[in-house]
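Notes for the structure review
The lines below spell out each chain.
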Amino acid sequence: MSPAPTSLRHLCQSVGHEYLLEHWERLSPQQQSGLEKQIRDLDFEQIARVWSEAETHIDWNALALQAEPPQSVRLGESYRGIS
């Protein structure tokens, strides 16, 4: 099989997603064409924006402090109709 087109490799590398082409040479020409279209249709700027917004708005430490262990039920006992 042929290697990924240079322009596609450069696109993936420029946005840090070169792993998308990791198994390119295992794909049939039809699969390669489909993958290339899917990659070129991605809005990498929007993806980066969504990830950066998510990272800045989630306080994982605060969430962890709010976490509680799940309710336990002893075998042979019933909890809300579950035994």
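This text goes with the structure placed above it.
A few points on the structure.

**A look at the nonpolar core**
Taken as a class, soluble globular proteins show a tendency for nonpolar side chains to be buried jointly. Within the largest apolar cluster, seven residues are counted, these being Ala4, Leu8, Cys12, Leu21, Trp24, Ile39 and Phe44. In this view, isoleucine 39 contacts Leu8, Leu11, Cys12, Leu20, Leu21 and Phe44; residues no more than four positions away in its chain are not counted.

**Topic: the packing of helix 1 (residues 6–14) against helix 2 (residues 29–41)**
Interaxial distance between helix 1 and helix 2 falls to 11 Å at its minimum, and their mutual angle equals 40 degrees. Here helix 1 lies oblique to helix 2, going by the angle between them. Crossing of helix 1 over helix 2 shows left-handed handedness. In contact with Ser7, Leu8, Leu11 and Cys12 of helix 1, helix 2 contributes Glu36, Ile39 and Arg40. For the contact of helix 1 with helix 2, a count of residues per class yields four nonpolar, one polar and two charged.

Thresholds applied
- Residues numbered from 1 in each chain as written.
- Predicted model: local features only at pLDDT ≥ 70, side-chain atom pairs only at ≥ 80, totals over all residues.
- Heavy atoms only, no water.
- Core = buried A, V, L, I, M, F, W, Y, C linked by side-chain atoms within 4.5 Å.
- Buried < 20%, exposed > 50% of the residue type's maximum accessible area, 1.4 Å probe, protein only.
- Contact = heavy atoms within 4.5 Å.
- Axes fitted to C-alpha atoms, helices over the stretch in contact; angles between N-to-C directions.
- Helix = DSSP H or I, 4+ residues; strand = E, 2+ residues; numbered from the N terminus.
- Parallel < 35°, antiparallel > 145°, perpendicular 65-115°, else oblique.
- Left-handed = near helix turned anticlockwise from the far one by under 90°.
- Nonpolar A, V, L, I, M, F, W, Y, C, P; charged D, E, K, R; others polar.

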